[in-house]
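Okay, here's what each chain looks like letter by letter:
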Amino acid sequence: MADNLRRHGHRLLAGCALSGLLMGALAGCAGTTGTLGAQVSRAETQPPQSPADAPPGTCWSTHTSPAVIETVTVQVMTHPARVAPDGTIERPARFRRETRQSIVEERRESWFETPCPDQMSPYFIGSLQRALAVRGLYDGQITATMDAPTRAAVRRFQELDGFANDELSLLSARKLGLIAVEL
């Protein structure tokens, strides 16, 4: 049996690798469920996330502020100096360097209101690109798509208010004149 396994082990390994590939391909389909051929993605079946006290019909996203960590290096005396009775130093003090890190500010997750997906039409995104271009924050083509250069420009605009996020907030959309300010 052991000789047979040694002789044909490569076939067993190849079969396992092929089986793993097929299982991986099938796992790619696991994100969809359906009845009679109709497929619905998991994202469509889960309710959108929002804070508990959010008014109905509003859209929200989260912003993660990273923790602020301070690194301090200090010299710690391991052996004091040996001093002779006449005040001369017979052996200098010995020190070691010690580095410590401490969290100055904890990591925070906060909610912010965003324009809803139905508002993010190509016309709206084109207007967003033009509004950012007028302010010198976007220099690409007006594509009316929320692509990487547009997101980078949104981040630059929002960083001016200390909010480093590339997802457009409702407050920023109002500041850009894209959404009416509620009275």
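Residues numbered from 1 in each chain as written. Predicted model: local features only at pLDDT ≥ 70, side-chain atom pairs only at ≥ 80, totals over all residues. Heavy atoms only, no water.

### A word on the packing of aromatic side chains
By convention here, two paired aromatic rings are described through the distance between centres and the angle between planes. The cut-off we apply is this: Planes of paired rings set the category: under 30 degrees apart is stacked, over 60 is edge-to-face and the rest tilted, where pairs are Phe, Tyr or Trp rings (Trp by its six-membered ring) whose centres lie within 6.5 Å. A helix here means a DSSP run of H or I that spans at least four residues, while a strand means a run of E at least two residues long, and both kinds are numbered starting from the N terminus. The rule is simple: take the accessible area with a 1.4 Å probe, protein chains only, and divide by the maximum for that residue type; under 20% is buried, over 50% is exposed, in between is partly exposed.
Summed over all chains, the structure comprises one aromatic pair. Ring centres of Phe-112 and Phe-163 lie 4.9 Å apart, and the angle between their planes is 75 degrees; on these two criteria the pair is classed as edge-to-face. Residue Phe-112 is found in strand β8 (residues 108-114), and its partner Phe-163 is found in the loop between α4 (148-159) and α5 (170-175); the two are separated by 51 residues along the sequence. When sorted by exposure, Phe-112 lands in the same class as Phe-163, which is buried.

### Some thoughts on the nonpolar core
Put simply, the rule is: As used here, the term nonpolar core means buried Ala, Val, Leu, Ile, Met, Phe, Trp, Tyr and Cys residues forming a set that is joined through side-chain atoms within 4.5 Å. Contacts: residue pairs with any heavy atoms within 4.5 Å of one another.
Grouped together as the largest cluster of nonpolar side chains are 15 residues, with contacts concentrated most on Phe-124, Leu-128, Leu-132, Leu-168 and Leu-176. Sorting the residues of this core by element identifies α3 (122-134), α4 and α5 as the ones contributing at least two each. Looking at this core, the element that brings in the most residues is α3, giving five residues. Beyond its immediate sequence surroundings of up to four residues, Phe-124 is in contact with Pro-115, Gln-119, Leu-168, Ala-173, Leu-178 and Ile-179.

### Structural notes on α4
Going by this rule: Here, expected helix span is obtained from the residue count minus one, scaled by 1.5 Å. Taking the helix axis as origin, the arc is that swept by the directions to the C-beta atoms.
Taking 1.5 Å per residue as the helical rise, α4 with its twelve residues ought to reach 16 Å, and the 16 Å between its terminal C-alpha atoms agrees with that figure. By the burial criterion, the buried members of α4 are Thr-150, Ala-153, Val-154, Phe-157 and Gln-158. End-on, the buried residues of α4 take up no more than an arc of 135 degrees, which puts them together on one face. Buried positions along α4 lie against α3 and α5.

### Examining the pattern of salt bridges
Defined as follows: Here, a salt bridge means any side-chain nitrogen of Lys or Arg that lies within 4 Å of a carboxyl oxygen of Asp or Glu.
Inspection of every chain in the model, using the stated rule, returns five salt bridges. The partner of Glu-98 in a salt bridge is Arg-96, with the nearest N and O atoms 2.5 Å apart. A salt bridge links Asp-161 to Lys-175, with the shortest nitrogen-to-oxygen separation between them at 2.5 Å. Of this pair, Asp-161 sits in the loop between α4 and α5 while Lys-175 sits in helix α5, placing them 14 residues apart in sequence. On the basis of relative accessible area, Asp-161 is assigned to the partly exposed category, the value being 47%. The exposure class of Lys-175 is partly exposed, given its relative accessible area of 43%. Here the salt bridges share partners, and the residues they tie into one network are Arg-96, Glu-98 and Arg-100.

### Re the state of the cysteines
The cut-off we apply is this: By disulfide we mean two sulfur atoms from cysteines, separated by a distance within 2.5 Å.
If you walk through the whole model with that rule in mind, you get one disulfide. Here Cys-59 pairs with Cys-116 through a disulfide, and the sulfurs are 2.1 Å apart. Its S-S torsion of about 110 degrees marks the bond between Cys-59 and Cys-116 as right-handed, since a negative value means left-handed. A residue pair is termed long-range when its members are at least 10 positions apart, and Cys-59 in strand β3 (residues 59-65) and Cys-116 in the loop between β8 and α3 qualify at 57 residues. Note on Cys-59: relative accessible area 19%, which makes it buried.

### Remarks on the side chain of His-63
As a reminder of what qualifies: For the purposes of these results, a polar contact is taken to be a pair of N or O atoms within 3.5 Å, where, inside protein, one atom must be able to donate a hydrogen and its partner to accept one; residues adjacent in sequence count only when each atom of the pair is a side-chain atom.
Looking at the secondary structure, you find His-63 in strand β3. Taking relative accessible area as the criterion, His-63 reaches 10% and is therefore assigned buried. Side chain to side chain, His-63 and Asn-165 meet in a polar contact 3.0 Å long. Excluding residues within four positions of it along the chain, His-63 makes contact with Arg-108, Glu-109, Ser-110, Phe-112, Phe-163, Ala-164 and Asn-165.

### Brief notes about α3
In an α-helix there are 3.6 residues to a turn, and that puts residues three or four apart on one side. For α3, which comprises 13 residues, the first-to-last C-alpha distance of 18 Å matches the rise-based estimate of 18 Å (1.5 Å per residue) to within 8%. Inspection of α3 places Phe-124, Ile-125, Gly-126, Ser-127, Leu-128, Gln-129, Ala-131 and Leu-132 among the buried residues, and these make up the whole buried set. In this structure, the buried side of α3 is in contact with α4 and α5. At the C-terminal side of α3, Gly-136 shows a positive phi close to 75 degrees.

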